[in-house]
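Structural description and commentary
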Amino acid sequence: MPDSALSSRTVLVTGATSGIGHETARQLAERGATVLLHGRTAEEARAAADRLAATTDIQPAQLRPYGADFSHLEEVEALARTVITERPHLDVLVNNAGMAAPERHTVTADGNEIAFQVNFLAHYLLTCLLEPALTSDPGGRVVNVSSSLHRTGSIQWADPNRARRYSRLAAYAQSQLALTVFAADPRVTAVSVHPGVCDTTLLPLYSHEGISPAEGAAHVVRLCDPAVEIVNGAYYDRDERVDPAPAATEDRTIRRLNKLADLLVGRTAA
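The residue numbering used here restarts from 1 in each chain and proceeds along that chain's sequence as written. Local features in a predicted model are, by the rule used here, given only for residues with pLDDT of at least 70; side-chain atom pairs are given and counted only at 80 or more, and totals for whole chains, interfaces and linings are based on all residues. Hydrogens and water are ignored here; the side-chain numbers use all heavy atoms of the structure.

Thoughts on the pairing of strand E3 (residues 63-67)
Definition in use: Two strands are counted as paired when DSSP detects at least two bridges linking them. The secondary structure listing takes helices from DSSP runs of H or I that are at least 4 residues long and strands from runs of E that are at least 2 residues long, numbered from the N terminus.
When strand E2 (residues 34-39) meets E3, the two strands line up parallel, connected through five bridges. When the sheet's bridge partners are listed, Val35 is paired in E3 with Leu63.

As for the environment of Gly21
Test applied: Pairs of residues are marked as contacts when any of their non-hydrogen atoms sit within 4.5 Å.
Summarising the element assignment, Gly21 is placed in helix H1 (residues 19-30). The spacing of Gly21 and Gly67 is 46 residues in sequence and 14 Å in space, taken between C-alpha atoms. What Gly21 contacts, discounting residues up to four positions off in sequence, is Val13, Gly15, Ala16 and Asn96.

Points about unusual backbone geometry
To be explicit about the condition: When accessible area is computed with a 1.4 Å probe and restricted to protein chains, residues below 20% of their type maximum are described as buried, those above 50% as exposed, and intermediate ones as partly exposed.
Even without being a glycine, Arg162 presents a positive backbone phi close to 50°. Position of Arg162 among the secondary structure elements: in the loop between strand E5 (141-145) and helix H5 (168-182). Take Arg162: its relative accessible area is 7%, and that puts it in the buried class. With a phi close to 60°, Arg238 is a non-glycine residue in the positive phi region.

So, the side chain of Gln62
Note on placement: Gln62 falls in the loop between helix H2 (42-55) and E3. By relative accessible area, Gln62 is classed as buried at 14%. When residues no more than four places from it in sequence are discounted, the contact partners of Gln62 are Ala29, Gly32, Ala33, Thr34 and Val35.

Comments concerning the packing of aromatic side chains
So the rule is basically this: Any pair of Phe, Tyr and Trp rings, taking the six-membered ring for Trp, is counted once the centres come within 6.5 Å. Such a pair is stacked with planes under 30 degrees apart, edge-to-face with planes over 60 apart, and tilted for the rest.
Scanning all chains against the criterion turns up four aromatic pairs. With a centroid separation of 5.9 Å and an interplanar angle of 55°, the aromatic rings of Phe120 and Tyr124 are classed as tilted. Note that Phe120 and Tyr124 are positioned in helix H4 (residues 114-134) at a spacing of four residues, about one turn of the helix. One exposure class covers both Phe120 and Tyr124, and it is buried. With a centroid separation of 4.9 Å and an interplanar angle of 50°, the aromatic rings of Tyr124 and Phe182 are classed as tilted. Of this pair, Tyr124 sits in helix H4 while Phe182 sits in helix H5, and the two are 58 residues apart along the sequence. Of the two residues, Tyr124 and Phe182, neither departs from the other in class, the shared state being buried. In this structure an aromatic cluster arises from ring pairing among Phe116, Phe120, Tyr124 and Phe182.

Let's talk about the nonpolar core
Applied cut-off: In plain words, nonpolar cores are sets of buried Ala, Val, Leu, Ile, Met, Phe, Trp, Tyr and Cys residues tied together by side-chain atoms within 4.5 Å.
Residues Leu12, Phe70, Val83, Leu90, Phe120, Leu126 and Leu130 are the most contacted members of the largest nonpolar core, which totals 45 residues. Those elements that provide at least two residues to this core are helix H3 (73-86), H4, H5 and helix H7 (251-265). Per-element accounting of this core gives the leading share, 13 residues, to H4. Beyond its immediate chain neighbours, meaning those up to four positions away, Leu126 contacts Leu12, Thr14, Phe70, Val76, Leu79, Ala80, Leu93 and Asn95. Grouped together as the second largest cluster of nonpolar side chains are 31 residues, Val13, Val92, Val143 and Ala234 included.

Following this line, the structure appears as structure tokens:
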């Protein structure tokens, strides 16, 4: 059933081929939004869009597939260029794509620890590059799908790639803390949300049982709705606004993280 507040909105959802991302894309499109579905490859994104069109009343024209492997930053840059060209006005960016950190310390071709890059740095870069489209109209916003595990994280400023001491849980928690801190960046209105412990591929990091991806996605979709007022940098545990980890509200930490991220993604600070 199209929702008047969302029916004219264009939303990019990263990691939209499975789990919470796929359910978020479905619920947004069912409420009338045009959804740009991101997948690791264009083929995976197209298959996800076809699946939604075939199993729901969503019009195929509402779904636009895009591919980019977040373990390669040049693919993130290419994705941003394509989106800006095709969609110079973007209402919402949902930074959802994520991975569990691997058992063994793994570094991308860009030189970053893989979970830090896929879960945070790629989204940082994408958000920065899409900033002109997101800020071109009032109401543009970013929704970072974070995790309650950000509270257990710490950013290793001297060794963000954790080359000296690696633990997959610490690496994952660091990536989620960075994503949560980044929501307080003043450039684009952004919030973070822990959608609950969901039954997705990340479930083993948390527990043996979780809620359905559809239930988790509903908390993400709510924050995409322009009728829901948000405060920049706010953190939500499902649908309740709560305080994030203290580091996520410290100006010094926010500035320091931006500087580190700019360095690691090869951006020269404006």
